[in-house]
Amino acid sequence: MAVKKVCESFSKSLIDDVHKWGCMKQTGVSLRYMMEFGSETNDRNFLISAQFLHKELPIRIARRAIELERLPYGLSEKPAVLKVRDWYLDSFRDLRSFPDIKSMNDEKDFTEMIKAIKVRHNNVVPMMALGVQQLKKGMGPKVVYQDLDEIHQFLDRFYMSRIGIRMLIGQHVEWHNPNPPPHLVGYIHTKMSPVEVARNASDDARGMCLREYGSAPDIHIYGDPDFTFPYVPPHLHLMVFELVKNSLRAVQERFMDSDKVAPPIRIIVADGIEDVTIKVSDEGGGIRRSGLPKIFTYLYSTARNPLHEHSDLGTADAVTMAGYGYGLPISRLYARYFGGDLQIISMEGYGTDAYLHLSRLGDSQEPLP
Ligand SMILES: Nc1ncnc2c1ncn2[C@@H]1O[C@H](COP(=O)(O)OP(=O)(O)OP(=O)(O)O)[C@@H](O)[C@H]1O
Ligand SMILES: [Mg+2]
């Protein structure tokens, strides 16, 4: 992977600008705000939104670019991390060299540009994972997870910020769809049925399990399919997909060679006043108590790691998310992004319950690292 030093590819004035913008204050928005603002589609709002992003995105991107330069244990120098840093600097430069947005024509060009930025960053997660793996390899077998706490915290901040940046861009871009499907405001579905999303996500995960193992446990979903609340369906889909994938794998591996029929995975959707909670329960044998502190880290997986040093992550679609150890930490970030949370309770020797709490009110501000 040929990556140049920062001073070779980027001018000093750009780097100075990054540091200036990286010190500015970020502005968080809530799901409710995005939904209410987005419900009025007109040129004036398009302009206001584009002008906001023109100022906000470089601030958020600059912060991440600076942090990418200052990672401990030499992580900043790993080729994969340098590549990610270059994507951030390229995007910062694109945003900063775009002139003030004054007309609808400017707005249109700006929207195209941020759409391209979103595509540029598509593979940031596996590329960073590769960087961390390059680091881990260099550290030898004695690496202790607790020692890498700083790196976990950085990755949590980094990915949380990425979720926010992609939500803001996606929301603005989708909003321009002249024929939006009913009840969709950008990415937000004002009447999302969690049972329906859970069913789709489970079907996808089950399909994957069938392909991988040749069979798959049943999945039963309990809850009112007509119950709806405003949320972002792809976010919920991703979280349930990851939880169900974990449960399927655990049950499958436990019962694959046994005479007993594999017990079904149960998903329960509860609608409360503050929270919608989705519980994914399995009888896959649970997680050892000593393993529990590690399950939310980005380095821990009991699955075979699919990352290869030489895989070409620069091209889109080159990557799947199986066996990185990213399912749980990333799902928890998505939950927290809109004020929710994810908890895992295990009974070793029996099974695991994952509780996914989503805030119904939608008024918590984005957490901005
Ligand atoms: N329902 C479960 N039952 C048993 N073990 C689980 C369950 N969920 C998670 N785990 C354990 O926690 C680890 C981390 O889970 P996580 O979803 O973060 O990563 P992964 O499944 O290993 O890889 P990825 O999700 O990135 O494909 C798993 O490797 C597994 O050992
Ligand atoms: Mg997983």
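Scroll up a little and you will see the structure.
Residues numbered from 1 in each chain as written. Chains lettered and ligands numbered in written order. Predicted model: local features only at pLDDT ≥ 70, side-chain atom pairs only at ≥ 80, totals over all residues.

This part covers the sheet that holds strand β3 (residues 219-222). Ordered by their spatial adjacency, five strands build an open sheet running β3-β5-β6-β8-β7, and the pairing between neighbours is mixed. If you trace the sheet from one side to the other, it starts and ends with β3 and β7 (341-347), each paired once. Adjacent strand axes in the sheet meet at a mean angle of 15° when their direction is disregarded. Pairing of β7 with strand β8 (residues 351-359) involves seven bridges; the strand directions are antiparallel. Directly across from aspartate 341, in β8, lies its bridge partner histidine 357. Packed onto the sheet, helix α9 (residues 194-213) meets β3, β5 (265-271) and β6 (275-282) and runs at close to 175° relative to β3. (Pairing = 2+ DSSP bridges. Helix = DSSP H or I, 4+ residues; strand = E, 2+ residues; numbered from the N terminus. Axes fitted to C-alpha atoms, helices over the stretch in contact; angles between N-to-C directions. Contact = placed C-beta atoms within 7 Å.)

This brings us to the environment of glutamate 150. Structurally, glutamate 150 can be placed in helix α8 (residues 149-175). Assessed through the 12 C-beta atoms surrounding it within 10 Å, glutamate 150 is described here as exposed. (Buried ≥ 20, exposed ≤ 12 C-beta atoms within 10 Å, placed from the backbone.)

Let us look at unusual backbone geometry. The phi dihedral of tyrosine 73 falls on the positive side, at around 60°, and the residue is not glycine. The exposure class assigned to tyrosine 73 is partly exposed, which follows from the 17 C-beta atoms found within 10 Å. With phi around 70°, histidine 183 is a residue other than glycine that occupies positive phi space. If you trace the backbone, histidine 183 turns up in the loop between α8 and β1 (184-185). According to the C-beta neighbour criterion, histidine 183 is exposed, with 12 such atoms within 10 Å.

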